[in-house]
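Fold and contact review
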Amino acid sequence: MPVIFISDVSIGVCLMNIQAKTILIIIGLSLLLISGIGVISHLFILDGFISLEEKDLDATLDLAVRTIERDQQFMLTVVHDWAVWDDTYRYIQGEYPEYESVNLYDDVFEYLDLNIIVYTHRDGTVVYAGGFDAATGGEIQIPDAVYGVNSYLLSSGGDELAGLYGTEAGCLLVAARPILMSSGEGPPMGTLLFARLIDDAWVDGISSQVGVPITLDTGSPPAKVVSPDASEITGSRILWDIHGEPALTLSITLDREIYRLGLLSFRSMMAAMVILLLIISVFLYLLIRHLFLTRINTLSTEVGGIAAVPDQKGVVSVRGDDEIASLAGSINIMLHSIEEYQERVRESEAQFRMFASLAPAGILIANRQWRTIYVNERLLDILGCSGEDIPDIESLCNRIHPDGGGDHTVHSGWGSALFDAGGLPSGKRPVTVAMPDPDGQLRHLEIRTASTGDLNCLLLTDITDRKAAEEALHTAHAKLRLLSGITRHDIRNQLMALQAYLGLAREDSGDLAVSGYLGGMEKAAAAIERQIRFAEMYEDLGILAPAWQSVTAIIAMIGYDERLPIRHDCGGYLVYADPMFEKVFQNLYDNTIRYAKGAENVHIRCYEREDHLVIVCEDDGCGIPDDLKEEIFEKGFGRNTGFGLYLSRGILAITGIAIRETGVYGEGAVFEIMVPAGKFRIEKR
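Residues numbered from 1 in each chain as written. Predicted model: local features only at pLDDT ≥ 70, side-chain atom pairs only at ≥ 80, totals over all residues. Heavy atoms only, no water.

1. Concerning the environment of I68
For clarity, the threshold we go by: Here a strand is any run of E in DSSP of at least two residues, a helix any run of H or I of at least four, and the numbering for each starts at the N terminus. Contacts: residue pairs with any heavy atoms within 4.5 Å of one another.
Relative to the assigned elements, I68 resides in helix 1 (residues 8–83). Distance from I68 to G163, taken between C-alpha atoms, is 9.5 Å for residues 95 residues apart in sequence. Setting aside anything within four residues of it in sequence, one finds I68 in contact with W202, I206 and L239.

Listed below in structure tokens is the structure:
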């Protein structure tokens, strides 16, 4: 069964977090919904009741104003009846002296609810002025300002005048009309004024008609004021006098019954909403718990049970056809995939251990800190260690012999610091070191390293036998070179003697036929001499290991004739080739001198084509016929040794490099040297 690193504690914590988050989300949404409903309810319900309360206050103020206006209109009607009357018309002209005794007695003031009556002649003479206080039954003094009303009416030429009028004795409700005949004709003989004091009795009368107490004062601006305990609301209006100036401020105070009713409705609705949302939230949580959280808890418990027994196969139960059931199915698929993957990992590990046990090289695998986690048996054999004595990197480095040959950049005692500094190269370039075995004999080892980020690998190959074979081969090659050099020296000595005797023999011979034979023998001896020189030149072919060589540096080593200059542009390209790589360019240049008639320039250039590097060596001579383009690379072709291009192709073929001639006959020879991928690079500067 796949190993799943999940603990019961982590599962419980995750589920607890989901439950807590679910509860917090439900609480948050509920609070948000309550707040939203509260704001909306306040705007549309409570504010509606407040608006209704203000409308009721405005309606009451309007009723009070209309009541005062009705009282004013009644007084205007009464003054009209008295002013447009023949008796009054005759009285104001002095034609009816009994008028006062008949009409202007004290009961008239009380009956008409008046305090002041003033008759004024049209010439401004006051004919009658009477003031009466019904509360005391006595006379009152008429304010001087009252007389100005009649004068104002006469001067304005108006038909009537009614309204509030301020005096030094207080504010009055006045009504005045011109005095005319009963028919309404005749020139006005004067004016009649009725006035009523604005006192508490009058205010009480208006209040009883309105149904609520009213107050009248001066100087207070109109406003709507709520009492500190929010139990009452007061509104006011300005009452204007007959001149259009503010006279009094009418104020009415109402009990806030409408507001209290709205507030009660708002609070009741909010309480109901809170209870409803609480019920819905609990129901929603229980529903979510039943549909999701319980099933997730069951799923988590089953996964935890599977993880607790890693070697036992298991699946989680799939219930329903919703997303959680789909998740359970996906978990089963994942468990199956993990099981198959770990089975492949186990098979791969078994194969690795088998291959590692059979590998001829020693293998050491370490973590990122170069702590050893695996070694194969071959490494233990190479180091002479037991299975219990597993070496680490530092002890391995400390065993490197500083004087045992190989790469001396790796010394004893450097230990892990060498690896921390990146001292060992990557696996593409091995390091050769010497290390003593348990018997004290030096063993030559080739070390390669590789890294995958989390793991580091060390390959140790015992090359002691190969090293001995290479040294033996090197010794044999040195002896063969010595023997070959002695042999060539002896052959040259004999050839010199032979050529000398052939020259003397041809001089002493008088026979033309014999002289011809002797000349042929001299040519054969000269050919032998050239072949010996050529063999001496190429005796190291394939003996030394290939190396990276600069094309530009190789071209610079060509011994060229000043009459045939070389132009080249090969940049910093390096080619992995046999050490005799330079002989290829020397042969091509020598052939141009010998055979390219009319050649004046040699051009060598490099460019990349697909994944190859192409080195082009071309001249402007006569070129090579099409039927000879391949034949020139065969052994023995040519008028000199016959081995130049043949051996050039062989030198290049050692490292997989090809050469061909692609020029057009008559325009010059073009040799293309094609270097495959991996055998060329650009020199890093």
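2. Quick notes on a nonpolar patch on the surface
The criterion, for reference: Note on patches: the residues involved have over 30% relative accessible area and no salt bridge, like charges join within 9 Å, and the nonpolar side chains Val, Leu, Ile, Met, Phe, Trp and Tyr join within 5 Å. Surface accessibility follows the Shrake-Rupley procedure with a 1.4 Å probe radius. Residue values consider only the protein chains on display as shielding. Throughout this description, the term salt bridge denotes a Lys or Arg side-chain nitrogen within 4 Å of a carboxyl oxygen of Asp or Glu. Relative accessibility under 20% of the residue-type maximum defines a buried residue, over 50% an exposed one, and the middle range a partly exposed one, all with a 1.4 Å probe and only protein chains included.
Side chains of F283, L284, L287, L291 and F292 sit close together on the surface and give an oily, nonpolar patch of about 440 Å² of accessible area. Note that F283 resides in helix 7 (residues 257–308). When its relative accessible area of 56% is taken as the criterion, F283 is described as exposed.

3. Observations concerning the packing of aromatic side chains
Formally: Any two rings among Phe, Tyr and Trp, with Trp reduced to its six-membered ring, count as a pair given centres within 6.5 Å; such a pair is stacked if its planes are under 30 degrees apart, edge-to-face if over 60, and tilted if neither.
Applying the stated criterion to the full structure yields 13 aromatic pairs. Judged by centre distance (5.2 Å) and plane angle (85 degrees), the ring pair of F581 and F585 falls under edge-to-face. Linking F581 with F585, this pair stays in helix 15 (residues 581–595), spanning four residues, or about one helical turn. Judged by relative accessible area, which is 1%, F585 ranks as buried. Geometrically, the ring pair formed by F633 and F671 is edge-to-face, given 6.2 Å between the ring centres and 85 degrees between the ring planes.

4. Description of the sheet that holds strand 7 (residues 214–217)
Formally: Pairing between two strands is assigned when DSSP locates at least 2 bridges connecting them.
One open sheet holds the four strands; their spatial order is 7-10-9-8, and the pairing between them is antiparallel. Every other strand in the sheet has two partners, leaving strand 7 and strand 8 (225–226) as the edge strands with one partner each. The pairing of strand 9 (residues 232–240) with strand 10 (residues 246–255) spans nine bridges and is antiparallel. Looking across to strand 10, one finds that W240 is bridged to P246.

5. Section: the pattern of salt bridges
Tallying each qualifying case throughout the model produces 15 salt bridges. Linking D87 and R90 is a salt bridge whose minimum nitrogen-to-oxygen distance equals 3.4 Å. Of the two residues, D87 and R90 are both situated in helix 2 (residues 86–92); the distance of three residues between them amounts to about one turn of the helix.

6. Section: the side chain of T22
The residue T22 is located in helix 1 in this model. The contact partners of T22, leaving out residues within four places of it in the chain, are Y285, I288 and L293.

7. Re the packing of helix 15 against helix 16 (residues 644–653)
Inclusion rule: To get an axis, a line is fitted to the C-alpha atoms, and for a helix only the part in contact is used. The angle between two axes follows their N-to-C directions and goes from 0 to 180 degrees. Note that the term roughly parallel is reserved for angles under 35 degrees, roughly antiparallel for angles over 145, roughly perpendicular for angles of 65 to 115, and oblique for everything else. Each crossing gets its handedness from the near helix: less than a right angle anticlockwise from the far helix is left-handed, clockwise is right-handed. Residue polarity follows a fixed list, in which Ala, Val, Leu, Ile, Met, Phe, Trp, Tyr, Cys and Pro are nonpolar, Asp, Glu, Lys and Arg are charged, and the others, Gly among them, are polar.
At their nearest, the axes of helix 15 and helix 16 sit 9 Å apart, and the two run at 155 degrees to each other. Comparing the axis directions of helix 15 and helix 16 gives the class roughly antiparallel. Relative to helix 16, the crossing made by helix 15 is left-handed. Between helix 15 and helix 16, the contacting residues are F581, K583, V584, N587, L588 and N591 on the first element and G644, L645, S648, I651 and L652 on the second. A per-class count over the contact of helix 15 with helix 16 returns six nonpolar, four polar and one charged.

8. Some remarks on helix 6 (residues 200–210)
Condition: To be clear, the arc concerns the directions from the helix axis to the C-beta atoms.
Here helix 6 has its buried residues at W202, V203, I206, S207 and V210. Down the axis of helix 6, the buried side of the element spans an arc of 140 degrees, and every buried residue falls inside it. In helix 6, the exposed positions angled more than 90 degrees off the buried face are occupied by A201, D204 and S208.

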